[in-house]
Amino acid sequence: MEIFTKQLNSIDLERGLVLPRDANLEHRELPTIVESSAGTRLPDPVTIHCSTRLGKLVFTRGWHDIARDAGLKSGDIVTFYREVNGGAQYKMRVRNVG
């Protein structure tokens, strides 16, 4: 089940991924499998920490590792899903646009 899709901006990459207002997530650790739109995966699931910053939900710890390892840039698109798969409860699909 898709939770959100977002086109990244520089703030998402520098300070943490700010979630859209309609993203229905609680504050917690989220074990996540990360894969590209081509279907290749990062070798291990990543635990993303979801917290509140200035009244908004933000992915912090774990997110920066994903952005670095997947080579994400401003303008790229991420889609976050709830899905029980291989021990992780979530999946993030990343699509590099340029």
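Residues numbered from 1 in each chain as written. Predicted model: local features only at pLDDT ≥ 70, side-chain atom pairs only at ≥ 80, totals over all residues. Heavy atoms only, no water.

**Student:** Just checking my understanding: could you explain the packing of aromatic side chains for this structure?
**Tutor:** The geometry of two aromatic rings is summed up by the distance between their centres and the angle between their planes. Counting across every chain of the model gives four aromatic pairs. A ring pair is formed by Phe4 and Phe59, whose centres lie 6.0 Å apart and whose planes are at 55°; its orientation type is tilted. Of this pair, Phe4 sits in strand β1 (residues 2-7) while Phe59 sits in strand β5 (residues 56-59), and the two are 55 residues apart along the sequence. For Phe4, a relative accessible area of 3% translates into the label buried. We classify Phe59 as buried; its relative accessible area is 0%. Relative to Phe80, the ring of Phe59 has its centre 5.1 Å away and its plane inclined at 65°; by these criteria the two rings are edge-to-face. (Phe/Tyr/Trp six-rings, centres within 6.5 Å; stacked < 30°, edge-to-face > 60°. Helix = DSSP H or I, 4+ residues; strand = E, 2+ residues; numbered from the N terminus. Buried < 20%, exposed > 50% of the residue type's maximum accessible area, 1.4 Å probe, protein only.)

**Student:** Whenever I open this one, the confidence of the model for the chain confuses me. Can you help?
**Tutor:** Keep in mind that low pLDDT regions are not for reading the predicted coordinates in detail. Counting all residues, the mean pLDDT for the chain is 88, and 94% of those residues have values of 70 or more. Here strand β6 (residues 77-85) is the element of the chain with the lowest mean pLDDT, 86, and strand β2 (residues 17-18) is the one with the highest, 96. (pLDDT = per-residue confidence, 0-100.)

**Student:** Please clarify how the pattern of salt bridges should be interpreted in this entry.
**Tutor:** Working definition: two side chains of opposite charge can pair if their charged atoms are close together. According to the stated counting rule, one finds seven salt bridges in the structure shown. Two residues, Glu35 and Lys91, come together in a salt bridge whose shortest N-O distance is 3.7 Å. Taken as a pair, Glu35 in strand β3 (residues 28-36) and Lys91 in strand β7 (residues 88-95) lie far apart in primary sequence, 56 residues in all. Residue Glu35 is classed as buried on the basis of its relative accessible area, which comes to 6%. Given a relative accessible area of 11%, Lys91 falls into the buried group. Here Arg68 and Asp69 are joined by a salt bridge, their closest N and O atoms 3.2 Å apart. The class for Arg68 is exposed, based on a relative accessible area of 58%. When salt bridges that share partners are traced, they join Glu35, Glu83, Lys91 and Arg93 into one network. (Salt bridge = Lys/Arg side-chain N within 4 Å of Asp/Glu carboxyl O.)

**Student:** What am I meant to see in the pairing of strand β4 (residues 46-53) here?
**Tutor:** Two faces belong to every sheet, and in a regular strand the side chains alternate between them. Note: β3 against β4, five bridges, orientation antiparallel. Residue pairing in the sheet places Thr32 in a bridge with Val46 of β4. Pairing of β4 with β5 involves four bridges; the strand directions are antiparallel. Residue pairing for β5: Thr52 is matched across the bridge by Leu57. Linking two consecutive strands that pair antiparallel, namely β4 and β5, is a turn of two residues; a positive phi of about 50° is found at Leu54 within it. (Pairing = 2+ DSSP bridges.)

**Student:** Please explain the pairing of β5 as it appears in this structure.
**Tutor:** Relative to β5, β2 is paired through two bridges, and the arrangement is antiparallel. Residue Val18 lies in a different strand from β5, and its bridge partner there is Val58.

**Student:** Explanation requested: the side chain of Glu35 in the structure shown.
**Tutor:** For Glu35, the side chain forms a polar contact with the side chain of Arg93, separated by 2.2 Å. Not counting chain neighbours up to four residues away, the residues in contact with Glu35 comprise Thr40, Arg41, Lys91, Met92, Arg93 and Val94. (Polar contact = N/O pair within 3.5 Å; in protein donor to acceptor, adjacent residues only side chain to side chain. Contact = heavy atoms within 4.5 Å.)

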